[in-house]
Amino acid sequence: ETGVTQSPTHLIKTRGQQVTLRCSSQSGHNTVSWYQQALGQGPQFIFQYYREEENGRGNFPPRFSGLQFPNYSSELNVNALELDDSALYLCASSLGGGPRVANVLTFGAGSRLTVL
Amino acid sequence: QKEVEQNSGPLSVPEGAIASLNCTYSDRGSQSFFWYRQYSGKSPELIMFIYSNGDKEDGRFTAQLNKASQYVSLLIRDSQPSDSATYLCAVNRDGANSKLTFGKGITLSVRP
């Protein structure tokens, strides 16, 4: 059984650029959630995808968008990067749509984005 | 008022002591409560989750939930230096949705 994998692990962008982060969910998991963790803060929910549909969104602007593919992998896209977007982006997978215990998240190692 | 609040840290305890980590939440509709551990530079890993009022024990860890007072705590018995990490409290309102609201975390340091 493989865990949650994310790529790239680190990247540096400049203001105004666009970035795509990728995530492969844990085997058997059909739900992917994305979180942003700024330095010294707890993770903040960006959005969740369940069966290729967005299923919940946090307080993030539309320039944060995502996709989920039929194999349950997912992408997070951020357009028009701002300095404050510098953070660790965490992908988490779970077996959604079921009882509460199934919604326990397994996190990937994260993608650390630096915006200059 | 923040949705999920944790004690201001850091917390330092000697090896072998009990570490007590507290968390309060504002949304009375919260249904599920989680404790994650995060080592520096790593991703969060689940320690425990609890849904019902009372205590839940798993090895050296005990989670305590009091919905009336809107707090959840984590006790770590026989603390070890390897327990030194940031502990994140998280709550979930909708059991069918994996949206977690996290606290800022508290850093625990266990002194040998």
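Above this text is the structure in question.
Within each chain, residue numbers correspond to sequence positions counted from 1 in written order. Chains carry letters and ligands carry numbers; both start at the beginning, A for chains and 1 for ligands, and go up in the order they are written. Under the rules for a predicted model, residues below a pLDDT of 70 receive no local features and side-chain atom pairs below 80 are neither given nor counted, while totals for whole chains, interfaces and linings still include all residues. The basis for the side-chain values is all heavy atoms of the structure; hydrogens and waters are excluded.

J.: Sorry, what's going on with the side chain of Ser-33 of chain A here?
T.: By definition, any uninterrupted DSSP run of H or I lasting at least four residues is a helix, any uninterrupted run of E lasting at least two residues is a strand, and each is numbered from the N terminus. In this fold, Ser-33 of chain A is placed in strand 4 (residues 31-37). Each residue gets one of three labels from its accessible area relative to the maximum for its type: buried under 20%, exposed over 50%, partly exposed in between, using a 1.4 Å probe on protein chains only. Judged by relative accessible area, which is 0%, Ser-33 of chain A ranks as buried.

J.: Even after reading the chapter, I still don't get the pairing of strand 7 (residues 64-68) of chain A, so can you show me in this structure?
T.: Side chains on a regular strand alternate between the two faces of the sheet. Residues and elements named next belong to chain A. Residues Phe-64, Gly-66 and Gln-68 of strand 7 are buried on one face, while the alternating residues Ser-65 and Leu-67, pointing to the opposite face, are not. Two strands pair if DSSP finds at least two bridges between them. Alignment of strand 7 against strand 8 (residues 74-78), held across 5 bridges, turns out to be antiparallel. Paired with Ser-65 across the strands is Asn-77, a residue of strand 8.

J.: Which parts of the structure should I look at to understand the pattern of salt bridges?
T.: Opposite charge on two side chains makes pairing possible when the charged atoms of those side chains draw close. Think of a salt bridge as a Lys or Arg side-chain nitrogen and an Asp or Glu carboxyl oxygen that are within 4 Å of each other. A complete count under the given rule lists 8 salt bridges over all chains for this structure. A salt bridge links Asp-85 of chain A to Arg-63 of chain A; the nearest nitrogen and oxygen atoms lie 2.8 Å apart. One end of the pair, Asp-85 of chain A, is in the loop between strand 8 and strand 9 (87-94); the other, Arg-63 of chain A, is in the loop between strand 6 (53-57) and strand 7, and 22 residues separate them in sequence. For the pair Asp-85 of chain A and Arg-63 of chain A, one class covers both residues: buried. Between Glu-45 of chain B and Arg-37 of chain B there is a salt bridge, with its nearest N and O atoms 3.2 Å apart. On the basis of relative accessibility, which here comes to 33%, the residue Glu-45 of chain B falls in the partly exposed class. Note on Arg-37 of chain B: relative accessible area 16%, which makes it buried. When salt bridges with common partners are traced through the structure, they connect Arg-63, Glu-82 and Asp-85 of chain A into a single cluster.

J.: Which parts of the structure should I look at to understand the interface of chain B and chain A?
T.: For an interface, size is often stated in terms of accessible area lost upon the parts coming together. The interface is formed by 20 residues belonging to chain B together with 24 residues belonging to chain A. Buried area: the accessible surface (1.4 Å probe) lost by two parts on joining, summed over both. With both chains or domains summed, chain B and chain A bury close to 1800 Å², and 53% of this area falls on carbon and sulfur atoms. Linking chain B to chain A there are 0 salt bridges. Distance and chemistry together define a polar contact, namely a pair of N or O atoms within 3.5 Å, with one atom able to donate a hydrogen and the other to accept it when in protein, and with adjacent residues in sequence counting only for side-chain atoms on both sides. Our enumeration of links across chain B and chain A arrives at 4 residue pairs in polar contact (both at pLDDT 80 or more). At the level of elements, strand 4 (32-38) and strand 5 (45-50) of chain B are the ones that each hand at least two residues to the side of chain B that touches chain A. Looking at side-chain class alone, the side of chain B that touches chain A contains 10 nonpolar, 8 polar and 2 charged residues. Whether two residues touch is decided by their heavy atoms; if any such pair falls within 4.5 Å, the residues are in contact. Side-chain classes are defined by residue name, with Ala, Val, Leu, Ile, Met, Phe, Trp, Tyr, Cys and Pro counting as nonpolar, Asp, Glu, Lys and Arg as charged, and the others, Gly among them, as polar.

J.: Help me understand the state of the cysteines in this model?
T.: Two cysteine sulfurs form what is called a disulfide whenever their separation falls within 2.5 Å. As enumerated under the stated definition, the model contains 2 disulfides over all chains in all. Note that Cys-23 of chain A is cross-linked by a disulfide to Cys-91 of chain A, the S-S spacing being 1.8 Å. One disulfide, between Cys-23 of chain A and Cys-91 of chain A, carries an S-S torsion of -65° and so falls in the left-handed class. Taken together, the residues span a long stretch of sequence, with Cys-23 of chain A in strand 3 (residues 19-24) and Cys-91 of chain A in strand 9 at a distance of 68 residues. Between the sulfur atoms of Cys-23 of chain B and its disulfide partner Cys-89 of chain B the distance amounts to 2.0 Å. An S-S torsion of about -70° defines the bridge between Cys-23 of chain B and Cys-89 of chain B as left-handed. Taken together, the residues span a long stretch of sequence, with Cys-23 of chain B in strand 3 (residues 19-25) and Cys-89 of chain B in strand 9 (residues 85-92) at a distance of 66 residues.

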